[in-house]
Amino acid sequence: MNDPLFTEGIYVKRIKGSFGSGATSRECLIESLWFPYRAENGIVELFPVMDNLQRVLGIKQQISAKVFKEEYSLKDNSKEIYLNLKKTLPK
């Protein structure tokens, strides 16, 4: 990543949701893990990461840098995981 505003690491996106309906409805917090691949021209390219942190899925998402800063947070102690996953991506 060329943009110094982003730290090398795995990022977490949290979304509030609910399961069930009526009396069985429960609020929940859904977390997804993301690998920021590139940041250029105000756009961040991300790949989803498997929950076991062993693999990056080949589904690329592009979002604005503003949205990235607002909705994604750096996972604690994830730089080593990021660097290991980075080795598996094509150049």
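Residues numbered from 1 in each chain as written. Predicted model: local features only at pLDDT ≥ 70, side-chain atom pairs only at ≥ 80, totals over all residues. Heavy atoms only, no water.

Undergrad: Would you explain the environment of N84 in this entry?
TA: Inspection of the secondary structure puts N84 in helix α2 (residues 79-86). Overall, the relative accessible area of 40% leaves N84 in the partly exposed class. Placed 30 residues apart in sequence, N84 and Q54 show a C-alpha to C-alpha distance of 8.7 Å. (Helix = DSSP H or I, 4+ residues; strand = E, 2+ residues; numbered from the N terminus. Buried < 20%, exposed > 50% of the residue type's maximum accessible area, 1.4 Å probe, protein only.)

Undergrad: What am I meant to see in the sheet that holds strand β2 (residues 26-40) here?
TA: Paired through backbone hydrogen bonds, the strands of a sheet run either parallel or antiparallel to each other. Read across the sheet, five strands follow the order β4-β3-β2-β1-β5 without closing on themselves; strand pairing throughout is antiparallel. Looking at strand neighbours, the two that pair on one side only are β4 (61-64) and β5 (72-74), the edges of this open sheet. Neighbour-to-neighbour, the strand axes of this sheet turn through a mean angle of 45°, independent of strand direction. Of the pairings in the sheet, the one linking strand β1 (residues 11-19) to β5 comprises three bridges and is antiparallel in character. The residue of β5 that forms the bridge with V12 is S73. (Pairing = 2+ DSSP bridges. Axes fitted to C-alpha atoms, helices over the stretch in contact; angles between N-to-C directions.)

Undergrad: What am I meant to see in the side chain of E45 here?
TA: Its location among the elements puts E45 in strand β3 (residues 43-49). At a separation of 3.5 Å, a polar atom in the side chain of E45 contacts the side chain of K60. A distance of 3.0 Å separates polar atoms of two side chains, one belonging to E45 and the other to Q62. Every residue in contact with E45, bar those within four places of it in the chain, is listed here: F35, P36, Y37, R38, K60, Q61 and Q62. (Polar contact = N/O pair within 3.5 Å; in protein donor to acceptor, adjacent residues only side chain to side chain. Contact = heavy atoms within 4.5 Å.)

Undergrad: How do you make sense of the packing of aromatic side chains when you look at a structure like this?
TA: The relative placement of two aromatic rings is captured by the distance of their centres and the angle of their planes. As enumerated under the stated definition, the model contains five aromatic pairs in all. Ring geometry for Y11 against F68: centres 4.8 Å apart, planes inclined by 55°, an arrangement best described as tilted. With Y11 in strand β1 and F68 in helix α1 (residues 65-71), the pair connects residues that are 57 residues apart, well separated along the chain. Overall, Y11 belongs to the buried group, its relative accessible area being 6%. Note on F68: relative accessible area 2%, which makes it buried. Between F35 and Y82 the ring centres are 4.5 Å apart and the planes differ by 10°, which places this aromatic pair in the stacked class. With a gap of 47 residues between them, F35 in strand β2 and Y82 in helix α2 connect regions that are remote in the sequence. A single burial state applies to F35 and to Y82, both of which are buried. Taken together, Y11, W34, F68 and Y72 form an aromatic cluster joined through their ring pairs. (Phe/Tyr/Trp six-rings, centres within 6.5 Å; stacked < 30°, edge-to-face > 60°.)

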